[in-house]
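Breakdown of the fold
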Amino acid sequence: MMAAHAVGRWVLIAAVIGLAGCSTTRMSGDQLARVAKDWALGIRASQVIPVYPLTEDLQPGDVFLVETALEDQVKVYSEKGFLPLENLVVRLHPKGYSAFYRGWPGVEDGKLAPPRRWQFPDPKGDEVPADYSDAPLAAFPTYNFSVSRSGGLSLAIPVQSVPVGLNLLDTASANGTITLKDAYTYGLPARAIDDYVKRWANESRGYLEQYAVPSPEPGAKGPPRSFYLRVINRVYLVKTVDVSLFANRATAADASAAVPRQIDLLNIGGDTEAKKRFDEVNKVLAGASGPKGEAAAAESGATAAPIAAGGSVRVAMATSRSVSLVESFARPLVIGYLATDYRILPSGELGPARAALTAIEGRPQLPAKPIPYTGCDSNCDRLTAWLGGAGYKEKANVQRLTEWLMKQPDAVAIADLMTGPYPDLRSRAVADLIAP
Amino acid sequence: MAQELPPPSPKTNVTRDGVSNEVALMLLDPRVKWIAVVFERNDGAADRFSVTPWTKDPTGN
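Throughout what follows, the structure given in this document is the object of discussion. (Residues numbered from 1 in each chain as written. Chains lettered and ligands numbered in written order. Predicted model: local features only at pLDDT ≥ 70, side-chain atom pairs only at ≥ 80, totals over all residues. Heavy atoms only, no water.)

1. Considerations on the overall build of chain B
Helix and strand counts for chain B stand at one helix and three strands. For chain B, the N- to C-terminal ordering of α and β elements is β-α-β-β. For chain B, with 61 residues in total, the buried portion stands at 39%. Contacts in chain B between residues far apart in sequence, at least 24 positions, make up 45% of those at least 6 positions apart. For chain B, the exposed surface amounts to about 3300 Å²; the carbon and sulfur share of it is 55%. (Helix = DSSP H or I, 4+ residues; strand = E, 2+ residues; numbered from the N terminus. Buried < 20%, exposed > 50% of the residue type's maximum accessible area, 1.4 Å probe, protein only. Contact = heavy atoms within 4.5 Å. Areas by Shrake-Rupley, 256 points an atom, 1.4 Å probe, with all protein chains shown as cover.)

This is the structure in structure tokens:
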């Protein structure tokens, strides 16, 4: 009996390690992208721009150079679900936390500005666990997802509990829910960071001029390309992720007579030794990322290396068709952010700040302040005739008028020039273009 | 020198006869994709409209 129990134990360990370490290299790029997008769409639903992959190293004051045109960003954001944060230009260290969080315990400016005091609570540098208990709390809804490992494990999802859970269930596909627990947020108002950004931009004019795109050629097709500085002003962090997976169906491998289905080993209803086996599995998962895990894998004869665990995963509950896992990161990781975009103007200066989320989601900008309609005066009539009459069919003259307006210090749209309160501008246009 | 012209501003107090011309003028800017024409009031002699151009779908779709 004891011998049989010991054999079963090693079969369990080998099965968990081996399956958890299944190769993901076969997974198609399409599926990786799809899973990443599913995750990102869930975060986006909370009106936060997702970070992918999750990172601890992102904080308010980080300035990124965004190289694509706004229209391209919208396309990338729609297709991928997130925006790659590739080009970190500078990390500003804005002050203003103590004023913004006035009365909030433990929040100050300087070296211990958020998140340092929470990340490393001991100012002497001794190794003390992170303590975010004083950080502002956040809460996220539960996200549902579907996942399949038909082409390999879904490594693209930024929590490893999902592929581990799939293996424990030994299922080809599953539906699941992700609950982001122990969520925190902190930030600074965009206005407070704006001063630091403008000051840095003034000092770095030479650097920014590299990205100053000249005005587009008249008649150039496509949207004008521009470069932007994206400045983070708020981040959202998560410490713990709960993953529940519900198997759609079992794999054909379950027919193997030698190895029992993993989920049966964990099924509380079917086994009085469930607690022991929970402990066994959690022990294996805990060691999967370190040398102990590799040793265990080697000892058990597993050919595949165990998963590299970023956080610690443990099984919380399992039934015949479902498994719940809890993944805790060593310290909270940033899962999303809010930011402000600054366009780099042709002069190397920065344009006005604009909320990045509004821009990349293509939300409508509020139209400009209404101006009164003044009707068409004599100069408007002359311009109308020059532009081809009521249909404005003289496209060459429309282009000439556009180019002329762009050179004016008080440039307005053609529609505003013609019927808006700009008689002087109309007069100049007639003098320069029609009766030179 | 402006890099590009600003989009047309919304117009108020537009006469009924002026609406079609105003729409044609606003559509000279290729960024304008939607135009809202809304009745404002009757000033006793004629109807007045506001004409508002949008470069993004104002419904958010």
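So much for the structure itself; the text now carries on.
2. Re the nonpolar core
By size, the foremost hydrophobic cluster in this structure holds 38 residues, and its most contacted members are L58(A), L229(A), V235(A), Y337(A), I344(A) and L350(A). For this core, the secondary structure elements donating two or more residues are β1 (49-55), β2 (62-66), β6 (171-187), α7 (190-203), β7 (228-250) and β9 (322-344) of chain A. Residues within four places of V235(A) in sequence aside, it is in contact with L58(A), Q59(A), P60(A), Y184(A), T185(A), Y186(A), V334(A), G336(A) and Y337(A). Counting residues in each nonpolar core, the second largest holds 29 residues, with W404(A), A411(A), L5(B) and M26(B) among its members. (Core = buried A, V, L, I, M, F, W, Y, C linked by side-chain atoms within 4.5 Å.)

3. Focus: the pattern of salt bridges
The full count for this structure, using the stated rule, is 15 salt bridges over all chains. Linking K198(A) and D194(A) is a salt bridge whose minimum nitrogen-to-oxygen distance equals 3.5 Å. Residue K198(A) and its partner D194(A) are both found in helix α7; the two are separated by four residues, about one turn of the helix. Judged by relative accessible area, D194(A) falls into the buried class, the value being 14%. Of the charged contacts, one joins K11(B) and E22(B) as a salt bridge, the two residues approaching to 2.5 Å between their closest N and O atoms. Here the residue K11(B) occupies a position in strand β1 (residues 11-15), and E22(B) occupies one in helix α1 (residues 16-26), the gap between them amounting to 11 residues. Each of D57(A), D62(A) and R91(A) takes part in a single network of salt bridges with overlapping partners. (Salt bridge = Lys/Arg side-chain N within 4 Å of Asp/Glu carboxyl O.)

4. Considerations on the side chain of Q119(A)
All names here are of chain A. Counting through the fold element by element, Q119 comes out in helix α5 (residues 116-119). A relative accessible area of 6% means that Q119 is categorised as buried. Not counting residues within four places of it along the chain, the set of residues in contact with Q119 comprises E56, A130, Y132 and R331.

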